[in-house]
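Notes for the structure review
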Amino acid sequence: MKVRYVGKSFGVESLTNGKIYECIGIEDGMLRVIDDSEEDYLYSAIKPSSLENIELCGKWEIIEDNENKDLEKLIKTL
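Residues numbered from 1 in each chain as written. Predicted model: local features only at pLDDT ≥ 70, side-chain atom pairs only at ≥ 80, totals over all residues. Heavy atoms only, no water.

Moving on, we get to the confidence of the model for the protein chain. When pLDDT is averaged along the protein chain, the result is 90, and 95% of the positions lie at 70 or above. Ranking the helices and strands of the protein chain by mean pLDDT puts strand β2 (residues 20-27) first, with 97, and helix α1 (residues 70-77) last, with 88. (pLDDT = per-residue confidence, 0-100. Helix = DSSP H or I, 4+ residues; strand = E, 2+ residues; numbered from the N terminus.)

Right, let's talk about the pairing of β2 for a bit. Here strand β1 (residues 2-6) pairs with β2 via three bridges, running antiparallel. Among the inter-strand pairings, Val3 is bridged to a residue of β2, identified as Tyr21. Note that β2 and strand β3 (residues 30-34) share four bridges and pair antiparallel. When the bridges of β3 are listed, Gly25 appears paired with Arg32. Joining the antiparallel neighbours β2 and β3 is a turn of two residues, in which Asp28 adopts a positive phi near 50°. (Pairing = 2+ DSSP bridges.)

This next bit is on the sheet that holds strand β4 (residues 40-44). Strand order in the open sheet made by the five strands is β4-β3-β2-β1-β5, with antiparallel pairing throughout. Only two strands of the sheet have a single neighbouring strand rather than two, namely β4 and β5 (59-64). Averaged over neighbouring strand pairs, the angle between their axes works out to 45° when direction is ignored. (Axes fitted to C-alpha atoms, helices over the stretch in contact; angles between N-to-C directions.)

In this structure the tally under the stated criterion is four salt bridges. Residue Lys19 is joined to Asp36 by a salt bridge in which the shortest nitrogen-to-oxygen separation is 2.9 Å. Note that Lys19 is positioned in the loop between β1 and β2 and Asp36 in the loop between β3 and β4, a separation of 17 residues in sequence. (Salt bridge = Lys/Arg side-chain N within 4 Å of Asp/Glu carboxyl O.)

Its location among the elements puts Ser14 in the loop between β1 and β2. As a C-alpha pair, Ser14 and Ser49 span 35 residues in sequence and 9.0 Å in three-dimensional space. Leaving out residues up to four positions away in the same chain, Ser14 has contacts with Tyr21, Asp35, Asp36 and Tyr43. (Contact = heavy atoms within 4.5 Å.)

So, about the side chain of Asp36. Exposure remark for Asp36: the relative accessible area of 17% places this residue in the buried category. In this structure the side chain of Asp36 is engaged in a polar contact, spanning 2.6 Å, whose partner is the side chain of Thr16. Leave out the neighbours within four places in its chain, and Asp36 touches Val12, Glu13, Ser14, Leu15, Thr16, Lys19 and Tyr21. (Buried < 20%, exposed > 50% of the residue type's maximum accessible area, 1.4 Å probe, protein only. Polar contact = N/O pair within 3.5 Å; in protein donor to acceptor, adjacent residues only side chain to side chain.)

In this section: the layout of surface pockets. Looking at the largest pocket, its volume works out to about 340 Å³. Examining the composition of the lining of the largest pocket, we find that four residues originate from one element, β4, more than from any other. Of the residues assigned to the lining of the largest pocket, the class counts are eight nonpolar, six polar and four charged. (1 Å grid on protein atoms, 1.4 Å probe; cavity = no way out; pocket = protein on both sides within 12 Å on 5 of 7 lines; lining within 4 Å. Points joined across faces, edges and corners; volume = space filled by probe spheres on them. Nonpolar A, V, L, I, M, F, W, Y, C, P; charged D, E, K, R; others polar.)

Here it is in structure tokens:
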């Protein structure tokens, strides 16, 4: 699964506006994403943000979903 982050970039090793990220799973309504640090972290499915500054939040655009459309189901229900 792949998602694009749209919003203000935050942190050198977090999320960058317009960048496409690999989503390796969905856990408790959150996306497990390999971010700029090249490590996987959980981000909100509806308002991904920095833990230090939740005002710097953006949104996800679905680039590639799995065959069950899990990303679409999650993001549309939130």
